[in-house]
Amino acid sequence: MLAGLSPDYYSRLEQGRQANISAEVLDALARALRLDEVEHAHLRDLAAPTARHRAATPHAVQRPDPGLLRLMRTLDHVPVLLLGHRGEVLARNALLTEVLGRPLEPGTSFVRFMFQDPVARERIVNWADFASATVATMRREIARRPHDNRLAALVDELRTTDGDVARWWDDHAVRDYASVTKRVQHPAAGPMSFDIEIVCAPHEPDQRLVVYTTEPDSPTARVLPMLASWSVAPHP
């Protein structure tokens, strides 16, 4: 009633028996369900024609955007990470390695680090906040790329092996990458706090530069030069 649809038409939508859905109907459903902007976009992706989804090339090699790489090199005083779709690490600077305690070489999965590496749970104080947001982001990605078999296999693996992932997945929450605060407990530098900011290139929407920003003259900002010096010197 709120969306102005007949019960029969709405049932066909829920059961996947309505091949084509107009943008006006999707907008009406979004208003009736009080969806936010990300959830509304997720609904449009779920309802998109199959042919549009198949235009994607899920197995193409991801190459770091040159502009984002140049920007990352100018930000060597803070931790920076360049991610592609499926959470694949495309590039990172030395400070990120020092802060998170893992090399995270290009080609590795940041999602696997979050859920399968005990160091992530040890160092990231508010791990559950980031982990649940990661699951919600993967749900958003899988709607964008329903024919990406590698992404589907990653989600299935994590749901099978990690109870937290299974529980969060069943919540059906969706998120896009967003600016948040990350608290890290470093074994030598102590507690650190970062505001995470996301930068996207207009012509590479699947790549995101993740920048760990700090407040000027904060304890975290003062300790980062020490960690930077460790990153260029041999470890004892």
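Residues numbered from 1 in each chain as written. Predicted model: local features only at pLDDT ≥ 70, side-chain atom pairs only at ≥ 80, totals over all residues. Heavy atoms only, no water.

A. Here's a closer look at the sheet that holds strand β1 (residues 80–83). Strand order in the open sheet formed by five strands is β2-β1-β5-β4-β3, with antiparallel pairing between adjacent strands. Edge positions in the sheet fall to β2 (89–92) and β3 (180–186), since each has one partner strand and no second. When strand polarity is set aside, the average angle formed by the axes of neighbouring strands in this sheet is 25 degrees. Judged from the three bridges that link them, β1 and β2 form a sheet pairing that is antiparallel. Bridge pairing in β2 places Leu 83 opposite Val 89. (Pairing = 2+ DSSP bridges. Helix = DSSP H or I, 4+ residues; strand = E, 2+ residues; numbered from the N terminus. Axes fitted to C-alpha atoms, helices over the stretch in contact; angles between N-to-C directions.)

B. Fine view of the pairing of strand β4 (residues 190–201). Summarising the sheet, β3 and β4 pair through seven bridges and their orientation is antiparallel. Residue pairing across strands places Lys 182 opposite Phe 194, the latter belonging to β4. Joining the antiparallel neighbours β3 and β4 is a turn of three residues. Hairpin connection of β4 to strand β5 (residues 204–213): two residues between the antiparallel strands.

C. Summary view of the nonpolar core. Counting 49 residues, the largest nonpolar core has Phe 110, Phe 115 and Met 192 as its most contacted members. Beyond its immediate chain neighbours, meaning those up to four positions away, Phe 115 contacts Arg 121, Trp 127, Ala 131, Thr 134, Val 135, Leu 158, Asp 162, Val 165 and Trp 168. Within the second largest apolar cluster, ten residues are counted, among which are Leu 5, Leu 13, Ala 28 and Leu 43. (Core = buried A, V, L, I, M, F, W, Y, C linked by side-chain atoms within 4.5 Å. Buried < 20%, exposed > 50% of the residue type's maximum accessible area, 1.4 Å probe, protein only. Contact = heavy atoms within 4.5 Å.)

Interpretation in functional terms is not warranted from these geometric data alone.
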